[in-house]
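Chain by chain, the residues:
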Amino acid sequence: MPAFTLPGTLLVGLIGLSVVQGDTIRYRCGGGQIIEAQYGSLSDQSLSFVRLRLPDGRRLTLPQVASGSGARYSADQDFTWWSKGNGGFLQERADDGEWRITLDACDALGE
């Protein structure tokens, strides 16, 4: 039987799910950098995620994963966004494989 590849949005439409947009929050991090986080989920709540716009213009979409405290969003390859209350921080995996905090002390901006 042949296998077919479908774009994610088409696949979501075929199985009756939709994306539910949540809050969009802008954070000011130490050093003055701004990161924007748009939170969302699938309509059946089977997956929550965050779409990040980093200060350098990169865009990431990370699924929510288990966390002991707060919320953690990670693809476990290169980036992890942690949020708790009105704050958060971003970790990136360095060339040596170690995780490093690259945006720290990020506080939600009241707009």
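What counts, and at which threshold
Residues numbered from 1 in each chain as written. Predicted model: local features only at pLDDT ≥ 70, side-chain atom pairs only at ≥ 80, totals over all residues. Heavy atoms only, no water. Helix = DSSP H or I, 4+ residues; strand = E, 2+ residues; numbered from the N terminus. Buried < 20%, exposed > 50% of the residue type's maximum accessible area, 1.4 Å probe, protein only. Polar contact = N/O pair within 3.5 Å; in protein donor to acceptor, adjacent residues only side chain to side chain. Contact = heavy atoms within 4.5 Å.

**Some remarks on the overall build of the protein chain**
- Each helix and strand counted, the protein chain has 1 helix and 8 strands in total.
- Tracing the protein chain from N to C terminus, the helices and strands come up as α-β-β-β-β-β-β-β-β.
- The buried share of the protein chain, reckoned over its 111 residues, is 26%.

**Side note on the side chain of Ser74**
- The topology assignment puts Ser74 in strand S5 (residues 71–74).
- Judged by its relative accessible area of 2%, Ser74 falls in the buried class.
- Of note is the side chain of Ser74, whose polar atom sits 3.2 Å from the backbone oxygen of Phe79.
- In this structure the side chain of Ser74 is engaged in a polar contact, spanning 2.9 Å, whose partner is the side chain of Thr80.
- Once you skip the residues sitting within four places of it in the chain, Ser74 turns out to touch Leu62, Pro63, Val65, Phe79 and Thr80.

**What to know about the side chain of Ser83**
- Relative to the assigned elements, Ser83 resides in strand S6 (residues 79–84).
- Here Ser83 falls in the buried class, since its relative accessible area comes to 12%.
- For Ser83, the contacting residues outside a window of four places in its chain are Tyr27, Tyr39, Gly70, Ala71, Tyr73 and Gly88.

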